[in-house]
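Below are the chains, spelled out letter by letter.
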Amino acid sequence: MAIECGCRRALRTGLGAVNDSLTALKRSLDIDACRCGIPEELVQSISSAEVEATGPCWFTENDYITFVVGTAGADESWFSEKFFENHDIPVVEIRQHVKVLRYNRMNGPADIVVISLPSLYADREDSGGDETDDYYQSIKIIEGLSNNIIEAISLAQAALDLCPPGHPDRVLSRDHLAGYVEAKVKEEAARAHARGPGATPSSSGFFVTRQLIKRVVFDTVERIPLRLIHTPSGVLCNRDAQVSLFEGSPQYERLLLFPSSLDSQQLETEIKDAVSECFEFTMLSHIWGSGEPLLRDVEGRRIYSLGGTDGLAKLQRFCILALRRNRLWARTDTCCIDKDSSAELQEAIGSMFSWYRLSSLTIVYLSDVFDVGSFADSVWFRRGWTLQELLAPRTILFYMQDWSFYMNSDAANHKTDISLLRQLRRATGIAEQHLTNFYPGLDDARSRLHWASRCRTTRPEDIAYSLFGIFKVHLPIFYGESAEHVLGRLLAEIIAGSGDVSVLDWVGEASTFNSCFPANLLPYQTLPHIQPIPGDLTKRSHLDFEKAHKLYGKLAGLSRAGFFNSKLLLPSTVHPVTALKLQGSSTSPSCYTYEIHASGLMPLDVTLSVNLGEDASRYILVRPWHPKALATPTDDNDDAVWELLEQLMQPFNALLLNKLPHNEYGRIASACMITAFPQDLNSILDSQMLVPEIV
């Protein structure tokens, strides 16, 4: 084919330029060896690495050309790989076509990059196949050529950089670089020709495909983190740079060449799958340590060239691990966010759960776990932000302090490892179904607050911020506001969105945000539990169903709890306090125990930190109400009514409220749960309803 012949000519031109460039590089070694302090044996070893050219192909005895380029210092030099093999210099990174080796110079260690340029056999026997086979074979050749030309341009540029002005080989190196760039231009022309006349930029099919790709890419990057590290290069990229790298990739070129025979829906599906794969990213979950790199430390630099802190070493190991697992992109919460930008901080906190959920892999680095026995004791399990980093990911892998795989498990996902799930349950108190299949939202809020109650954050307000994703709420971030206020806003949003009154079951200090909320999460460490009493079906036969149906209707007419103008609107059944009896003297001057009598309830003892005085009429006990407590009506409504009454006959955790001016109420916090018992069925039928406004 004509296209194939063009590929051969371009390949010979490009590889010929590299051959000449290599000669120039060898000749420049004498100068660079002195400048970089390179051992003389290294300089001599390059001379023995003879490279041959046979037709369009280059090869050594290992069938590839190996160059060694650059150090971590300001200067760059080229060496033979044989030196490193002979002197047992360890490889600290390997990826396609590139190795990074550790070389100890006189002035300290330096990273040395080895670039391997694979052989490309462009000649082949004409198979005489059909036009389609020839077409795709040509594209394959051109794509392979493109990768080699790009690498060769980089090598030729490095050769030119080694020749300062006045160097005898500078002109030759410059001409070689220009020749290779020209070969790249010709290769682009061959690529356009390979697409054929029906795939030109002016054709409608090509334009539609390109616009569809653009839209899918835009939608994809809008959902992924603002900044990601490109693991092959170690460069931190914003969204524009991410898109730019994608549009310069072979994957993008292949998408442009999708057959026009695909219908629009099939084409969009294929493009979405391909784009999603290209933008897969890995998240790091860890505990911050010393020397963590920030955005200003890595922006515009290659992380693999940096060093000096434990934090940077951790970042490098994480990115290398992600690369080994075939992920092009990686994110950490240290350097991938501008913490000085309130807008970016707001977006990051609001999106954190979804980013971990969208990640193709989350790597958990446990810096304080040295063996299997210390797993459950890791500080990672007691940090606030790591709760969502455990629950959100679909795929997660744990690594110990030395970056070895935890338990030496061969699982591709530790969330599918039954043994490890049991350990996670013991360490967190979270049931396995939530560990493997957690969904954010307002359901079962009391349990989620219980999980978080054992966690701590460096900044007190972060403990509430870290829960925004778990509850799927979107609230403003105001760093500097009190932790009580943030928690109060979160609890108010939970009640406003769900009406869930279980978050009011707590014992401890009341919040200044609202007296019905706790000052912190500690009270949620204890799960409320009331021993149920058995039902008595004999009472049904004597029940006044007319009165019971009226009660059912009143409760069905109540709205769910809400929050408005800093007031909790709490639909409740109400029991006015009729008598207060202070019980003896207390061992604590700020502790008072009362026997309280309230309408419709058995007398109960309550220990408080405030003196209630003698005026019992100022107080009420209330039973918070949620419409979900009503059974779904059936053909026999009497059954639904009886089921409701059976619930109301059970003991419940009551709230003690104090009447305030302007028809408002305040909750009086107690030292223990106020467990109330209804007197009898008749007292339940006479229950009063109220929606107190609690401040």
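Residues numbered from 1 in each chain as written. Predicted model: local features only at pLDDT ≥ 70, side-chain atom pairs only at ≥ 80, totals over all residues. Heavy atoms only, no water.

Draft legend 1. View of the nonpolar core. With 96 residues, the main nonpolar core has Phe398 and Leu504 as its most contacted residues. Residue contacts for phenylalanine 398: discarding those within four places in its chain leaves Val364, Leu366, Phe375, Trp380, Leu390, Ser404, Phe405, Tyr406, His414, Leu420 and Leu424. Ranked by size, the runner-up nonpolar core spans 25 residues in total, among them Leu306, Leu321, Cys335 and Trp403. (Core = buried A, V, L, I, M, F, W, Y, C linked by side-chain atoms within 4.5 Å. Buried < 20%, exposed > 50% of the residue type's maximum accessible area, 1.4 Å probe, protein only. Contact = heavy atoms within 4.5 Å.)

Draft legend 2. Region of interest: the sheet that holds strand β8 (residues 228-230). With mixed pairing, six strands are arranged side by side in an open sheet as β9-β8-β11-β10-β12-β13. Since the sheet does not close on itself, it has two edges, and those belong to β9 (235-237) and β13 (396-399), each with one partner. Averaged over all pairs of adjacent strands, the angle between their axes in this sheet comes to 30°, without regard to strand direction. Two elements, β8 and strand β11 (residues 329-331), share two bridges in a ladder whose sense is antiparallel. By the bridge assignment for β11, isoleucine 229 is matched with alanine 330. In the packing of helix α12 (residues 342-358) onto the sheet, the strands contacted are β10 (281-285), β11 and β12 (361-365), and the crossing angle to β10 comes to about 120°. (Pairing = 2+ DSSP bridges. Helix = DSSP H or I, 4+ residues; strand = E, 2+ residues; numbered from the N terminus. Axes fitted to C-alpha atoms, helices over the stretch in contact; angles between N-to-C directions.)

Draft legend 3. Focus on the packing of aromatic side chains. Enumeration over the complete set of coordinates arrives at 17 aromatic pairs. An angle of 75° between the planes, with centres 5.2 Å apart, marks the rings of phenylalanine 375 and phenylalanine 381 as edge-to-face. Comparing phenylalanine 375 with phenylalanine 381, the two get one shared label, buried. Ring geometry for tyrosine 399 and tryptophan 403: centres 6.4 Å apart, planes at 45°, overall tilted. Of note, arginine 357 hangs over the ring of tyrosine 439, and the distance from its end group to the ring centre comes to 6.0 Å. Here the guanidinium or amino end of arginine 667 rests over the ring plane of tryptophan 506, the centre of that ring lying 4.3 Å away. (Phe/Tyr/Trp six-rings, centres within 6.5 Å; stacked < 30°, edge-to-face > 60°. Lys NZ or Arg CZ within 6 Å of the ring centre and 35° of its normal.)

Draft legend 4. Structural view of the layout of surface pockets. Size it by volume and the second largest pocket reaches roughly 720 Å³. What lines the second largest pocket is a set of 26 residues, among which Trp288, Lys339, Trp385, Asp462 and Tyr479 lie closest to the centre. Where the lining of the second largest pocket is concerned, the elements lending two or more residues are α12 and α13 (386-391). Here the lining of the second largest pocket takes seven residues from α12, the largest share from any one element. Broken down by class, the residue content of the lining of the second largest pocket amounts to eleven nonpolar, seven polar and eight charged. (1 Å grid on protein atoms, 1.4 Å probe; cavity = no way out; pocket = protein on both sides within 12 Å on 5 of 7 lines; lining within 4 Å. Points joined across faces, edges and corners; volume = space filled by probe spheres on them. Nonpolar A, V, L, I, M, F, W, Y, C, P; charged D, E, K, R; others polar.)

Draft legend 5. Here's a closer look at empty space enclosed by the protein. If you walk through the whole model with that rule in mind, you get five cavities of 30 Å³ or more. In this structure, the largest cavity occupies an estimated 80 Å³ of space. In this structure, the largest cavity is lined by Trp380, Phe381, Arg383, Thr386, Leu387, Leu390, Thr428, Ile430, Trp451, Arg454 and Cys455. In terms of residues, the lining of the largest cavity owes the most to one element, α13, which gives three residues. Among the residues forming the lining of the largest cavity, the class breakdown is seven nonpolar, two polar and two charged. The computed volume of the second largest cavity comes to approximately 70 Å³. As for the second largest cavity, its lining consists of Thr573, His575, Gly600, Arg623, Leu648, Phe652, Pro678, Ser683, Ile684 and Ser687. Of all the secondary structure elements, the ones that give two or more residues to the lining of the second largest cavity are β16 (572-582) and α22 (681-685).

Draft legend 6. Up close: the packing of helix α20 (residues 545-556) against helix α21 (residues 637-648). Following both chains from N to C, one finds α20 and α21 inclined at 75°, their axes separated by 10 Å at the closest point. The orientation of α20 relative to α21 falls into the category roughly perpendicular. Between α20 and α21, the residues in contact are Phe545, Ala548, His549, Leu551, Tyr552 and Leu555 and Asn637, Asp638, Ala640, Val641, Leu644, Leu645 and Leu648, respectively. Residues belonging to the contact of α20 with α21 are distributed by class as follows: ten nonpolar, two polar and one charged. (Parallel < 35°, antiparallel > 145°, perpendicular 65-115°, else oblique.)

Draft legend 7. Molecular detail of a nonpolar patch on the surface. Taken together, the side chains of Ile533, Met602 and Phe677 make up a nonpolar region of the molecular surface, amounting to roughly 270 Å² of accessible area. With respect to the helices, strands and loops of the structure, phenylalanine 677 is situated in the loop between β23 (675-676) and α22. With a relative accessible area of 41%, phenylalanine 677 lands in the partly exposed category. (Patch = residues over 30% accessible without salt bridge, like charges linked within 9 Å, V, L, I, M, F, W, Y side chains within 5 Å. Areas by Shrake-Rupley, 256 points an atom, 1.4 Å probe, with all protein chains shown as cover. Salt bridge = Lys/Arg side-chain N within 4 Å of Asp/Glu carboxyl O.)

Draft legend 8. Representation of a negative patch on the surface within the structure. Residues Glu270, Asp273, Glu277 and Glu280 make up a contiguous surface patch of negative charge. Locating aspartate 273 in the fold gives a position in helix α9 (residues 264-278). Residue class for aspartate 273 comes out partly exposed when judged on its relative accessible area of 49%. (Lys, Arg positive; Asp, Glu negative; His and termini not counted. Charge placed at Lys NZ, Arg CZ, Asp CG, Glu CD.)

Draft legend 9. Structural detail: the pairing of strand β18 (residues 604-608). Counting buried residues in β18 gives four out of five residues, a clear majority hidden from the surface. Relative to β18, strand β17 (residues 592-598) runs antiparallel, the two being bridged by five bridges. Bridged to tyrosine 592 within β18 is leucine 608. Linkage of β17 to β18, two consecutive antiparallel strands, is achieved through a turn of five residues, within which glycine 600 is found at a positive phi near 80°.

Draft legend 10. Representation of the pattern of salt bridges within the structure. What the rule picks out here adds up to 13 salt bridges. Among the ionic pairs, arginine 227 bridges to glutamate 344, the shortest N-O distance being 2.2 Å. With arginine 227 in the loop between α6 (204-223) and β8 and glutamate 344 in helix α12, this pair connects stretches of sequence that are 117 residues apart. Accessibility assignment for this pair places arginine 227 and glutamate 344 in one class, buried. In this structure, arginine 459 and glutamate 461 form a salt bridge, with 3.6 Å as the shortest nitrogen-oxygen distance. A residue is classified by how much of its surface remains accessible, and glutamate 461, at 7% relative accessible area, is buried. A network of salt bridges, in which partner residues are shared, links Arg215, Glu268 and Lys272.

Draft legend 11. Spotlight on the pairing of strand β22 (residues 664-667). Covered by surrounding structure in β22 are Glu664 and Gly666 together with Tyr665 and Arg667, the residues of both alternating faces. Of the strand pairs in this sheet, strand β21 (residues 655-660) and β22 are connected by four bridges, and their pairing is antiparallel. Looking at β22, one finds that leucine 657 is bridged to arginine 667. Hairpin connection between β21 and β22: a loop of three residues separates the two successive antiparallel strands, and histidine 662 in this loop has a positive phi of roughly 60°.

Draft legend 12. Region of interest: unusual backbone geometry. A positive phi angle, close to 65°, is found at asparagine 326, a residue other than glycine. As for its placement among the helices and strands, asparagine 326 is situated in the loop between α11 (310-324) and β11. Positioned with a positive phi, asparagine 565 is a non-glycine residue whose angle comes to about 50°. Among the secondary structure elements, asparagine 565 is positioned in the loop between β14 (562-564) and β15 (567-569).

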